[in-house]
Amino acid sequence: MVQVTPTLRRDLLRAGAAFTAGGTFVTGCGTTGTATAASPATTPTPTSLPPSASPTRLPFQVTHGPRTTASVALTFHGQGDPALADRLLATAEQHGAHLTVLAVGSWLDAYPAMARRVLDGGHDLGNHTQRHVSINAMAEADARKEITDCAERLRRLTGSIGSWFRPSRAPTASPLVARLAAEAGYPHVLSYDVDSLDYTRPGASAITRKVLAEVTGGSVVSMHFGYPDTVAALPAVLQELHRRGLRAVTTTELLS
C-alpha cells in the first residue's frame, strides 16, 4: 500500500476538496445515496488515469487504469455467502487471475477467515465500509466511523488497513467522504468504469455480455460476491479476456 506521508496527506485533502458532491447516484449496490457536502466552485478533478501516470500521481478518485495496458481489474464488493465467495476466488485462481475484494466490515466480523483467504490467494483486499450503508448521505462522525471501523477490522485480521477504499452505495465519494478516507490512511478512492449490474440478478449470460461489451484495457469492473450468477459468469468472462489478450490483475498491479 502507498504510504501516506504528511505532505501526501495534505495534497490528498486538497484534492478531495476539489470533487463536487453529486446529486442522487445510481449505485453499484442497487440503491441510491445523496451526497450531503456542499459542491465547491472549482472544477472536479478528473477521475480517469492518464496513460503516463505513475502510482504517486494517480487522481485521488480512480475510475480506470491506463488504456495502453493489456490488463483489467475485476473488483468485488465483499459480502454474502462465504461459500460462493470461495468458489469465485478459486475459479479466478484456476484461470491465473487475481481480483480486488473491497470487504464490508460486518462481513469480516461474521467470516473473519475470509480476509486471509483473499490475501493468501494473491488478491487485493480493501475497505468497503463497516455496514454497507449510504455513506455519502451520513454526518461526518458517522461516515468516519464507517471507514475507520472497517479499517480496524482489516488491520486486526491482516496487519494492514487494506490497499483501497470504495464508498458504499455510491460509485464515487463525496468531498467529505474523500477527506475522511484520506485521513484514515487511504491514498485513493477506487471507483470503476464498467458496472456488471450483477446485483440485479440478470443471469450469468447477461452479466458476461454486459462486462465484455464495455471492458477495455485499463478497465476497473464492479462485481459482487454473494450472487451465484456472478460465479457462473466468471469463467466465460476470463476466457474471453484471455482471447482478447487482456489479463485480470489486482488493482495494485493495474495501477503500478
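Note: the structure precedes this text.
As the structure is a prediction and not an experimental result, all values here were calculated from the model. (Residues numbered from 1 in each chain as written. Predicted model: local features only at pLDDT ≥ 70, side-chain atom pairs only at ≥ 80, totals over all residues. Heavy atoms only, no water.)

Turning our eyes to something else, we now look at the overall build of the chain. Helix and strand counts for the chain come out as nine helices and ten strands. Residues classed as buried in the chain amount to 52% of the 256 residues present. A sequence separation of at least 24 residues applies to 77% of the contacts in the chain between residues at least 6 apart. Of the roughly 10,300 Å² that the chain leaves accessible, carbon and sulfur atoms contribute 53%. (Helix = DSSP H or I, 4+ residues; strand = E, 2+ residues; numbered from the N terminus. Buried < 20%, exposed > 50% of the residue type's maximum accessible area, 1.4 Å probe, protein only. Contact = heavy atoms within 4.5 Å. Areas by Shrake-Rupley, 256 points an atom, 1.4 Å probe, with all protein chains shown as cover.)

With that settled, the discussion passes to helix α2 (residues 82–94). Over its 13 residues, α2 runs 18 Å from end to end, which matches the ideal 18 Å to within 8%, given 1.5 Å per residue. By the burial criterion, the buried members of α2 are Leu84, Ala85, Leu88, Leu89, Thr91 and Ala92. Mapping the buried residues of α2 onto a view down its axis gives an arc of 160°, with all of them on the same face. For α2, the secondary structure elements touched by its buried residues are β4 (71–78), β5 (100–103), α3 (105–110), α4 (113–120) and α8 (228–243). Two or three places before Ala83, at the opening of α2, Asp81 has a side-chain oxygen 2.9 Å from that residue's backbone nitrogen. (Expected span 1.5 Å × (residues − 1). Arc of directions from axis to C-beta. Polar contact = N/O pair within 3.5 Å; in protein donor to acceptor, adjacent residues only side chain to side chain.)

Time to look at the pattern of salt bridges. In the structure shown here, the tally under the stated rule is 17 salt bridges. Two residues, Lys145 and Asp149, come together in a salt bridge whose shortest N-O distance is 3.0 Å. Placement of the pair is Lys145 and Asp149 together in helix α5 (residues 140–158), with a separation of four residues, close to one helical turn. Judged by relative accessible area, Asp149 falls into the buried class, the value being 17%. Where Lys210 meets Glu214, a salt bridge forms, and the shortest distance between an N and an O atom there is 2.8 Å. With a gap of four residues between them, Lys210 and Glu214 both fall in helix α7 (residues 204–214), about one helical turn apart. Note on Glu214: relative accessible area 36%, which makes it partly exposed. Overlapping salt bridges bring together Glu140, Arg144, Arg179 and Glu183 as one network. (Salt bridge = Lys/Arg side-chain N within 4 Å of Asp/Glu carboxyl O.)

This part takes up helix α6 (residues 175–184). For α6, the buried fraction is high: seven of the ten residues fall into the buried class. Turning to α6, its buried residues are Pro175, Leu176, Val177, Ala178, Leu180, Ala181 and Ala182. Just past α6, the residue Gly185 takes up positive phi, approximately 110°.

For the coordinates displayed, the defined rule picks out four aromatic pairs. Between Phe165 and Tyr186, the aromatic rings sit 6.0 Å apart at their centres with planes inclined by 40°, giving tilted as the arrangement. Here Phe165 is found in the loop between α5 and α6, whereas its partner Tyr186 is found in the loop between α6 and β7 (189–190), with 21 residues between them in sequence. Residue classification places Phe165 among the buried residues on the basis of a relative accessible area of 0%. Looking at Tyr186, the relative accessible area reads 0%, which means it is buried. The structure contains a cluster of three or more aromatic residues connected by ring pairs, namely Phe76, Trp107, Tyr111 and Phe225. (Phe/Tyr/Trp six-rings, centres within 6.5 Å; stacked < 30°, edge-to-face > 60°.)

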